[in-house]
Amino acid sequence: MGPTRAQFVQYAPAALAVVPLVAGPWSALAAAAAGAGAWAVNVSAPVLRSLIGCGFTATGCGIAAHEVLAAGGSPLIALGLAAPAGAAALAHHRNIAGHTPALVPATTNAGPATGQTSQAQLITAWWREYISGPTQTEGRTLIQAGANLEHLGLEIDGDHVAFTGIITLPQGQQVRVKAADIASVYQIPVSQIELGDPKHYAPNALPVTVHLKMPAEQPQIAAGTPATPEELWEAYVGVPEGAMPGTALSLTRYDGPLDWEGIATRDRRAIGTVNLQDLAGNLDLETIQIALAPGDKPSQMGIRVMREHALMHGTMLSAVVDELSMDSRGYVRAGTYVDGRAALLPLAQPGSGARHLYLVGGSRSGKSGLLEQILLCAHRSQIAVILASPQAGTIAGASLSAHLGDGLDEAMGALRLAYALMLDREARYRSPAFPFTDPLVLFVVDEAHMLLSASSPYHLEAKAIVEQLTRRSLKRGIGVVLATQTPLAEDLGNSTVIRSQLLIGGGAVFLRCARGQGSLVGANAVEGAEGLDLSMIPSQWPGQYAKVSNRDMSGLATEAAAAPEDGTFGLGYLLTPGSQAVQFRSLHLDVVPVSLAGGEPPVGIEDCDAWRERDAITQTPMVDKRGKNLIGSLADLLAAAEGAPSSQEAPHHNPGGPQAIAGSSRPGVLDAAAGAPDGQELIKPRILELLREQSIPMTAETIARKLGTSAKNIKPRLSELKKRDEVTNENGLWRAA
């Protein structure tokens, strides 16, 4: 921006005053002409001052040289007097180069003209191009013609670049340029434009400040505000209303506010269960960013906060094939914990029997993949499998099972077969001693809610059978794996018995669930997993959406396979008895699990009555029309399956007397001798002897049939024995106390 007329008048007379001194020194006229021309093209004031100073020096040297020549002096002396003129010209050049400011690029649609190197010239050019004129591109209307920017000043300080000036119009006109207009020209937010208040200035002159580049905002931490993990813990987590009251945090690793590990300690008191949702809220993080690691001491708990999840890249199934077989403690490799340790699932308990597993996972959570992995582990561990899959065709490793119930009706048949096998083993094993020669059996039920929920046509029968299986099957070497889509109570037939027995008898795996269906609180609370909301497990890793948006239009790649980073399949929490739920991820199925079975046939079930009669058993309902009075013995079950009463079968043992009747084709089946007395005092001891010897629950009708009397005569005696706490009754099934 050039000097004003007042500035020019300040310097021009000094240059022009030397003109009358002598007619010869044309240099004075040249200096005056250069000053007038520089002012006309609007050069900056420092440049004009340097030019006039140069003119003064050149004029003085010219006058002196002219006088020497006019007086007849030596031409060498005149030439020597011309040297200061050259020095003045060089100084003028240096002044211009030293004063030109460094360019700070400004973002704009119209860049600076070629050759412009001054920030001030750029600012002025854009102002004239879009706001005031006279420069104007054809087809575009100026914002306000004649609204010139006067008194331009630049402020450059590190990351901050701004200019100030006064929007000036001829007298009588009013400034109509708005902040939004200026922001659109220089392509910056409106908030970076400061216009003076028109009330305090003349209508035709309005000051403006434009911040072309704002410095990055630095977070302001008020005095006393928690900043470090230890301070945040003390302020929000360890307080009485925090997730872990009374605890203090000691860091073991710190790589930033979103990547650290530590140990929370409570002074000589157990920490107990931790609500992970509350802890995430205290630390202002997402639940998935936090992992807990219970230690050996109940007063300590390991904490890990992650920026990039440690399980994002997964563990390949093919890399841990040797760990899929059951070890001496009964464990198999299920995946990897968040701290890198192997995540192990128990399938058996040496010296005791089998183990249960409760598996929860919604659609696309990795539940089916984990079931296939469990089937492979059972196969490699010589464990026989009975598989019930109400939703037909969903388990790829179904060929590894000894018996498959594929479809709703067939799945119910598999459930009956598992119950019959338990009754058979109870009849053959007179005591719960372990080990035994028969193979361990894993009874796997996928989509169990399709059998157990109240809307299922098999609800009452399936609920009664599963309750008995989860209670009684472990000692007989039969474990139950129950998989549902949600942890809601209705998925288990609203049976607290099933869930508690599954958790006590083995453990649980919790994967992602649908929104609103994964909260493990209230009626769905699970000890050791309090506060978890499975719907908060994300379906994608951070940045996945950007990856998907980079489309490849070359066609479908049929040989492409999913990578662990493509989703959070198998990410969840593993809960084993007596511990806290720990974040883990199941193995990534980089190979089809069934392909690792080596082509061997599935592990078979022992040759027994239940297995030989499996076709009839799977078709035989085990409850009455009311859904009660579950068949309680193998003899009754086989009789129902064969369509004949059990009294026609030869008994193996008569609890009414010492005589054993030989020739029984059903070993272990008890019956009563004909003509047994019905006296009250005689029946009660026989009832107790029967229940204690069989050690299995029975209905009143079954007891009456075995004792050779009527149920009408048995039920009052059972009620009297119950009052004396000698027998118990649960869901119509009687057993010795």
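Residue positions are counted from 1 within each chain, in the order its sequence is given. For this predicted model, a pLDDT threshold of at least 70 governs which residues receive local features, and a threshold of 80 or more governs which side-chain atom pairs are given and counted, while totals over whole chains, interfaces and linings are taken from all residues. In computing side-chain values, all of the structure's heavy atoms are included and hydrogens and water are not.

Visitor: Mind showing me how you'd approach the pairing of strand 20 (residues 582–586) here?
Guide: One face of the sheet, then the other: side chains in a regular strand alternate in exactly this way. Most of strand 20 is tucked away: five of the five residues are buried. By the convention used here, strands pair only if DSSP detects at least 2 bridges between them. Each helix corresponds to a stretch of at least 4 residues labelled H or I by DSSP, and each strand to a stretch of at least 2 residues labelled E; elements are numbered beginning at the N terminus. With three bridges connecting them, strand 9 (residues 331–337) and strand 20 associate as antiparallel partners. Following the sheet pairing, Gly335 is matched in strand 20 by Ser586. Pairing of strand 19 (residues 571–575) with strand 20, which is carried by four bridges, proceeds in the antiparallel orientation. Residue pairing for strand 20: Gly572 is matched across the bridge by Phe584. Between strand 19 and strand 20, which pair antiparallel and follow one another directly, the connecting turn spans six residues, one of which, Gly578, has a positive phi of 80 degrees. For each residue, the accessible area found with a 1.4 Å probe, counting protein chains only, is set against the maximum for its type, and the residue is called buried under 20%, exposed over 50%, and partly exposed in between.

Visitor: Hey, could you run me through the nonpolar core in this one?
Guide: Where a protein is soluble and globular, its nonpolar side chains tend to be buried together. In terms of nonpolar packing, the biggest core is built from 88 residues, with Met244, Leu279, Phe443, Leu482 and Phe510 touching the most fellow members. When near neighbours in sequence (up to four residues on either side) are disregarded, Leu279 contacts Trp233, Val237, Ala243, Met244, Val274, Ile290, Leu292 and Ile303. Side-chain atoms within 4.5 Å link the members of a nonpolar core, which is a set of buried Ala, Val, Leu, Ile, Met, Phe, Trp, Tyr and Cys residues. Every residue pair with non-hydrogen atoms within 4.5 Å of one another is taken to be in contact.

Visitor: Any chance you could explain the pattern of salt bridges here in plain terms?
Guide: Pairing is possible between side chains that carry opposite charge, provided their charged atoms lie close to one another. Salt bridge, as applied in this entry: a Lys or Arg side-chain nitrogen positioned within 4 Å of an Asp or Glu carboxyl oxygen. Applying the stated criterion to the full structure yields 22 salt bridges. Its salt-bridge partner being Arg253, residue Asp255 comes within 2.7 Å of it at the nearest N-O pair.

Visitor: Can you walk me through the pairing of strand 18 (residues 508–511) in this structure?
Guide: Here strand 18 shows a buried face lined by Ala508 and Phe510 and a second buried face lined by Val509 and Leu511. For strand 13 (residues 357–360) and strand 18, the ladder comprises three bridges, and the chain directions are parallel. Bridge pairing in strand 18 links Leu359 to Val509. In this structure, strand 18 lies alongside strand 19, joined through four bridges in antiparallel fashion.

Visitor: It is not clear to me how the packing of aromatic side chains should be interpreted in this structure. Could you clarify?
Guide: The relative placement of two aromatic rings is captured by the distance of their centres and the angle of their planes. Centre distance within 6.5 Å is the pairing criterion for rings of Phe, Tyr and Trp, where only the six-membered ring of Trp is used; planes under 30 degrees apart are then read as stacked, over 60 as edge-to-face, and the remainder as tilted. Tallied over the full model, the rule gives three aromatic pairs. Their ring planes at 65 degrees and their centres at 5.9 Å tell us that Trp126 and Tyr186 sit as a pair that is edge-to-face. Of this pair, Trp126 sits in helix 5 (residues 119–132) while Tyr186 sits in helix 6 (residues 179–186), placing them 60 residues apart in sequence. Both residues of the pair, Trp126 and Tyr186, count as buried. Judged by centre distance (6.2 Å) and plane angle (85 degrees), the rings of Tyr358 and Phe510 are edge-to-face. You can see Tyr358 sitting in strand 13 and its partner Phe510 sitting in strand 18, a full 152 residues away along the chain. Here a set of aromatic residues connected by ring pairs shows up, and it is made of Trp126, Phe163 and Tyr186. Directly above the aromatic system of Trp611 lies the positively charged group of Arg614, at a separation of 4.0 Å from the ring centroid. Criterion for a charge above a ring: Lys NZ or Arg CZ within 6 Å of the ring centre, and within 35 degrees of the ring normal.

Visitor: Please explain the packing of helix 5 against helix 6 as it appears in this structure.
Guide: Put simply, helix 5 and helix 6 touch, their axes get as near as 10 Å, and they point 120 degrees apart. For the element pair helix 5 / helix 6, the angle class is oblique. The handedness of the crossing between helix 5 and helix 6 comes out as right-handed. Residues Ile123, Trp126, Trp127, Tyr130 and Ile131 of helix 5 lie in contact with helix 6, whose contacting residues are Ile182, Val185 and Tyr186. Basically, the charged four are Asp, Glu, Lys and Arg, the nonpolar ten are Ala, Val, Leu, Ile, Met, Phe, Trp, Tyr, Cys and Pro, and anything else, Gly included, counts as polar. The residue inventory of the contact of helix 5 with helix 6, partitioned by class, reads eight nonpolar, no polar and no charged. A fitted line through C-alpha atoms represents every axis, and for helices the fit uses only the stretch in contact; the resulting angles, taken between N-to-C directions, go from 0 to 180 degrees. Any angle between 65 and 115 degrees counts as roughly perpendicular, while under 35 counts as roughly parallel, over 145 as roughly antiparallel, and the rest as oblique. Crossing handedness: left-handed means the near helix sits turned counterclockwise from the far one by under a right angle, and right-handed means the same turn made clockwise.

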